Amino acid sequence: MQIDVRHTTTYRYGQTARYSIQSLRLTPLNFDGQRVLSWSIEAPGIKSAVHFTDSFGNLVHLISIAADHDHVEIRAAGVVETDDTMGVVRGLTEPSQLRVYLRQTPMTIADPAIEALARSCAHRSILDQLHALMKAVHNAVVYETGATHVHTNAAEALAAGRGVCQDHAHIFISAARVLAVPARYVNGYFLSGTLSPADAHHAWAEAWVEGLGWVGFDPANLVCPTERYVRLASGLDAAFAAPIRGTRRGGEKEALDVVVEVNQQVAGQQ
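The numbers attached to residues start from 1 for each chain and follow its sequence in the written order. The predicted origin of the model limits local features to residues at a pLDDT of at least 70 and limits the giving and counting of side-chain atom pairs to 80 or more, whereas totals for whole chains, interfaces and linings rest on all residues. To get the side-chain values, take all heavy atoms of the structure and skip hydrogens and water.

J.: Where do I start with unusual backbone geometry in this structure?
T.: A negative phi angle characterises most non-glycine residues, just as the trans form characterises most peptide bonds. Even without being glycine, Met 86 reaches a positive phi, approximately 60 degrees. What counts as a helix is a DSSP run of H or I of at least four residues, what counts as a strand is a run of E of at least two, and both are numbered from the N terminus. By the element assignment, Met 86 lies in the loop between β5 (69-82) and β6 (88-89). A positive phi is found at Leu 222, a non-glycine position, where the angle reads about 60 degrees. When you line up the elements, Leu 222 lands in the loop between β11 (213-217) and β12 (229-235).

J.: I keep staring at the sheet that holds β11 and nothing clicks. Help me out?
T.: DSSP-based pairing: two strands are paired if at least 2 bridges between them are found. Here we have five strands laid out as an open sheet, ordered β6-β11-β10-β9-β12, and antiparallel in their pairing. Bordering the open sheet on either side are β6 and β12, each of which pairs with just one other strand. With five bridges connecting them, strand β10 (residues 201-209) and β11 associate as antiparallel partners. Looking at β11, one finds that Ala 205 is bridged to Phe 217.

J.: I'm lost on the packing of aromatic side chains in this one. Help?
T.: One pair of aromatic rings is described through two measures. These are the centre distance and the angle between the planes. The aromatic pairing rule takes the rings of Phe, Tyr and Trp, using the six-membered ring of Trp, and pairs them if the centres are within 6.5 Å, calling planes under 30 degrees apart stacked, those over 60 edge-to-face and the rest tilted. The tally for this structure, following the rule as stated, stands at seven aromatic pairs. On the numbers, 5.1 Å between centres and 80 degrees between planes, the contact of Tyr 101 with Trp 214 is edge-to-face. On the criterion of sequence distance, the pair formed by Tyr 101 in the loop between β6 and α1 (112-119) and Trp 214 in strand β11 is long-range, its members being 113 residues apart. Summary of the burial criterion: residues with accessible area below 20% of their type's maximum are buried, those above 50% are exposed, and those between are partly exposed, where the area comes from a 1.4 Å probe applied to protein chains only. Residue Trp 214 is classed as buried on the basis of its relative accessible area of 3%.

None of the figures reported here should be taken as evidence of function without further support.
Set out below in structure tokens:
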């Protein structure tokens, strides 16, 4: 399947910003089941951007604006060809050792409720534990836009019983680490179809299964990622895998607008 992605992020400031710097994890990688046919990023300073691979294997572009500005617009777009690998992820460069993905972060630290959720899925094979955990998280947290915010952690989302894909992924990751299974957060895109919720910009989790490697689990949609998913970046939690992170001087009263369009490309379409 060929998937066309258009991702535009615009920051507008009520007061002039004097300087800003941002790290962009906006470039999908090639691996088994995912091939990038075309991709481009348009952003201030992108032509002179420093680029590097971070400790999680993500390609990062570092851009900066050293002049007064009242907005920043960043566009990423391209076509990615995907295959259904039943969630198994192979062929990526893995700079970090597995034990790194056992470390809890402030967003994923487990409380007694998460520990209990994890224990309820134990006493079976690792793969069966993870499928049971995906279902348990899906059932425990109803998908509801606006019920949480970007700083809501796994324990808070589970206690609320409502959240979005970020919350489902954080809870799954936290519980998997309780079970001593390395797990990581994945940011990417989802081509809507019969599954629900149909978020174009989406998040899910990956866990390490001995003999298989990394396997994706999407508790929000209760599936392992298929050819409808485009994998963008990964990390210990949402902050480590964020498509855009940055800082600035000035630029108070920031307004953020994100538009993501994900469509299947028809054969012969440009």
